[in-house]
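Coordinate analysis (summary)
Chain residues, written in single-letter form:
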Amino acid sequence: MNNLPDTAPKISYETLLSQFKELLRSNNLKFTRQREAILSTLYNHAGHFTPEELYHLIKEENEGINTGIATVYRTLSLLENAGIVTSISFGTQGKKYELGVKAHHDHIICTKCGKILEFFDEAIEKKQERIAREYGFLMQDHSLKIFGICPECQKKKTTS
């Protein structure tokens with residue numbers, strides 16, 4: 001198993017930015033420096049972010065750009081609906097977002113601390129394709145999430 005997938009975006013930032021501007025136009029929204037800061041931060045940082053984490057990262061890295069948390073939430077919703085970002089839901093704890101234009105990968109998620117690891121396993125991919133074919137489905141996309149307790153949280157439980 002290769003548990004370190006290629007997390008680099010599959011498209012250039014210029015192409016993504018062009019798609020984002022078209023998305024904004026089609027929704028009668030203005031292209032602003034704040035919205036671009038959200039997109040560029042997601043593009044330039046691998047990982048999974050709550051809207052609040054993304055908001056703080058944007059504030060740290062973009063002096064002079066006053067982005068509100070409501071703008072982050074609205075922009076993430078717009079980007080998710082367009083398939084540019086994807087999210088993992090943590091129920092009442094909210095969602096974590098990542099750029100959706102990266103190479104396919106699956107997730108293993110700690111239910112204690114919320115850590116998310118990405119992995120890719122060719123055998124799992126082939127099995128999912130075979131199952132879809134056996135049921136007469138033409139698979140267009142899929143998402144695999146494994147929930148459990150990470151090694152660090154397991155250690156905390158035994159030392160507590």
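On a predicted model such as this, the values are computed, not experimentally measured, just so you know.

With respect to the packing of aromatic side chains
Here the structure, examined in full by the defined rule, presents two aromatic pairs. Ring plane angle 65° and centroid distance 5.2 Å describe the contact between tyrosine 13 and tyrosine 43, whose orientation is recorded as edge-to-face. Taken together, the residues span a long stretch of sequence, with tyrosine 13 in helix H1 (residues 13-26) and tyrosine 43 in helix H2 (residues 33-44) at a distance of 30 residues. In this structure, tyrosine 13 and tyrosine 43 share a single accessibility class: buried.

Thoughts on the pattern of salt bridges
Inspection of every chain in the model, using the stated rule, returns five salt bridges. One salt bridge connects arginine 25 with glutamate 22, and the closest N-O pair in it is separated by 3.1 Å. On the criterion of helical spacing, the pair formed by arginine 25 and glutamate 22 is a turn pair, its members being three residues apart in helix H1. Using a relative accessible area of 52% as the deciding quantity, one classes arginine 25 as exposed. Among the ionic pairs, glutamate 122 bridges to lysine 126, the shortest N-O distance being 3.3 Å.

What to know about the state of the cysteines
One pass over the full model with this rule turns up zero disulfides. Cysteine 113 carries a free sulfur, and the closest cysteine sulfur to it, the one in cysteine 110, is 3.7 Å from it. Free cysteine: cysteine 150, not disulfide-bonded; nearest cysteine sulfur from cysteine 153 at 3.7 Å.

Definitions and limits used
- Residues numbered from 1 in each chain as written.
- Predicted model: local features only at pLDDT ≥ 70, side-chain atom pairs only at ≥ 80, totals over all residues.
- Heavy atoms only, no water.
- Phe/Tyr/Trp six-rings, centres within 6.5 Å; stacked < 30°, edge-to-face > 60°.
- Helix = DSSP H or I, 4+ residues; strand = E, 2+ residues; numbered from the N terminus.
- Buried < 20%, exposed > 50% of the residue type's maximum accessible area, 1.4 Å probe, protein only.
- Salt bridge = Lys/Arg side-chain N within 4 Å of Asp/Glu carboxyl O.
- Disulfide = S-S within 2.5 Å.

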